Amino acid sequence: MLGAQTTTDPQEAFRQAALTGKPVLLVFQGSDWCIPCIRLEQQVLSTEQFMAFARDRFLILKTDFPQKKKIPAALVQQYEALAEVFNPEGRFPKLLLLGKDKQALHTFLQDYATPGALIDELEKTLKEAHAAM
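Not measured: the values here are computed from a predicted model. Note on numbering: residues in each chain are counted from 1, in written sequence order. Local features in a predicted model are, by the rule used here, given only for residues with pLDDT of at least 70; side-chain atom pairs are given and counted only at 80 or more, and totals for whole chains, interfaces and linings are based on all residues. With hydrogens and water excluded, all non-hydrogen atoms of the structure serve as input to the side-chain values.

Engineer: So, the environment of Ala-4: which residues are in play, and what are the values?
Structural biologist: Secondary structure counts use DSSP, requiring at least four H or I residues in a row for a helix and at least two E residues in a row for a strand, with both numbered from the N terminus. Here Ala-4 is to be found in the segment before β1 (6-7). Taking the C-alpha atoms as reference points, Ala-4 and Arg-39, separated by 35 residues in sequence, lie 19 Å from one another. Not counting residues within four places of it along the chain, the set of residues in contact with Ala-4 comprises Met-51, Ala-54, Arg-55 and Ile-60. In what follows, a contact means two residues having at least one pair of non-hydrogen atoms within 4.5 Å.

Engineer: Can you lay out the side chain of Asp-32 for me, pointing to particular residues and giving the numbers?
Structural biologist: Within the secondary structure, Asp-32 sits in the loop between β2 (24-29) and α2 (35-45). Residue burial is assigned from relative accessible area. The probe radius is 1.4 Å, only protein chains are included, and a residue is buried under 20% of its type maximum, exposed over 50%, and partly exposed in between. Positive residues here are Lys and Arg, negative ones are Asp and Glu, while His and the chain termini are left out of the count. What makes a salt bridge here is a side-chain nitrogen of Lys or Arg within 4 Å of a carboxyl oxygen of Asp or Glu, nothing more. Buried within the structure, Asp-32 lacks any salt-bridge partner; its nearest side chain of opposite charge belongs to Lys-68, at an N-O separation of 5.3 Å. Polar contact is the term for a pair of N or O atoms within 3.5 Å; when the atoms are in protein, one must be able to donate a hydrogen and the other to accept it, and sequence-neighboring residues count only if both atoms are side-chain atoms. Here Gln-67 takes part through its backbone nitrogen, which lies 2.8 Å from a polar atom of the side chain of Asp-32. A distance of 2.8 Å separates the side chain of Asp-32 from the backbone nitrogen of Lys-68, its partner in a polar contact.

Engineer: Please provide a residue-by-residue account of the environment of Ile-60, values included.
Structural biologist: Counting through the fold element by element, Ile-60 comes out in strand β3 (residues 59-64). The class of Ile-60 is buried, set by a relative accessible area of 1%. Taking the C-alpha atoms as reference, Ile-60 lies 8.7 Å from Pro-23; in sequence the two are 37 residues apart. Excluding residues that lie within four positions of it along the chain, Ile-60 makes contacts with Ala-4, Gln-5, Thr-6, Thr-7, Leu-25, Val-27, Phe-50, Met-51 and Ala-54.

Engineer: Describe the nonpolar core, and please don't skip the residues or the numbers.
Structural biologist: Ranked by internal contacts, the top residues of the largest apolar core, which has 20 residues, are Leu-25, Phe-50, Phe-58, Leu-118 and Leu-122. Elements supplying a minimum of two residues to this core: β2, α2, α3 (48-54), β4 (94-98) and α5 (115-132). Nonpolar cores are built from buried Ala, Val, Leu, Ile, Met, Phe, Trp, Tyr and Cys residues. Side-chain atoms within 4.5 Å join them into one set. The next biggest cluster of nonpolar side chains, apart from the first, holds 16 residues, and it includes Ala-13, Phe-28, Leu-82 and Phe-86.

Engineer: I'd love a proper account of the pattern of salt bridges, names of residues and values included.
Structural biologist: In this structure the tally under the stated criterion is five salt bridges. For the salt bridge of Asp-56 with Arg-55, the shortest nitrogen-to-oxygen distance reads 4.0 Å. Relative accessible area serves as the criterion here: at 58%, Asp-56 is assigned to the exposed category. We classify Arg-55 as partly exposed; its relative accessible area is 23%. Between Asp-64 and Lys-69 there is a salt bridge, with its nearest N and O atoms 3.5 Å apart. A relative accessible area of 46% places Lys-69 in the partly exposed class.

Engineer: Which residues make up the packing of aromatic side chains, and what values go with them?
Structural biologist: For any two aromatic rings, the description comes down to two numbers: the centre-to-centre distance and the angle of the planes. In this analysis, rings of Phe, Tyr and Trp, with Trp reduced to its six-membered ring, are considered paired at centre separations within 6.5 Å, and the interplanar angle assigns stacked below 30 degrees, edge-to-face beyond 60, and tilted for intermediate values. Enumeration according to the criterion identifies seven aromatic pairs in this entry. Consider the rings of Phe-50 and Phe-58, whose centres lie 6.1 Å apart with planes at 50 degrees: the pair is tilted. Among the residues examined, Phe-58 registers a relative accessible area of 0% and is labelled buried. Ring plane angle 65 degrees and centroid distance 5.5 Å describe the contact between Phe-65 and Phe-92, whose orientation is recorded as edge-to-face. Of this pair, Phe-65 sits in the loop between β3 and α4 (73-86) while Phe-92 sits in the loop between α4 and β4; the two residues are 27 residues apart in sequence, bridging distant segments of the chain. Cluster of aromatic residues (ring-pair linked, three or more members): Phe-28, Trp-33, Phe-65, Tyr-79 and Phe-92. The criterion for a charge sitting over a ring is simple: Lys NZ or Arg CZ within 6 Å of the ring centre, and within 35 degrees of the ring normal. Sitting above the plane of the Phe-14 ring, Lys-102 keeps its charged end 4.7 Å from the centroid.

In structure tokens form, the structure reads like this:
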């Protein structure tokens, strides 16, 4: 069974969102220095439970701001442009649900220790977004 579509390429994420009509879960993370980010990735985002939930509901775009490992300069520029708009305060981790036209539908502000906690909030947010359409 395949999990959610996850990418690190913003252009691809929003192209797929436009094609499918699915929202994008934008994840700002520091994969090699931010302890809450690493915990969120290991205990929530990469779990089978979360990936199965996300599969038919939204795309996942992971924007990484590492301190040790290098990422391509073109991706850094795209991530920084997204951060200017959606994470000007530089909060890590930070999750936002964006519509296919990049409008912010919801910002998830708490730290999620379990997949169930994030899934519950996402379900509520997705229902509200669907009702507003």
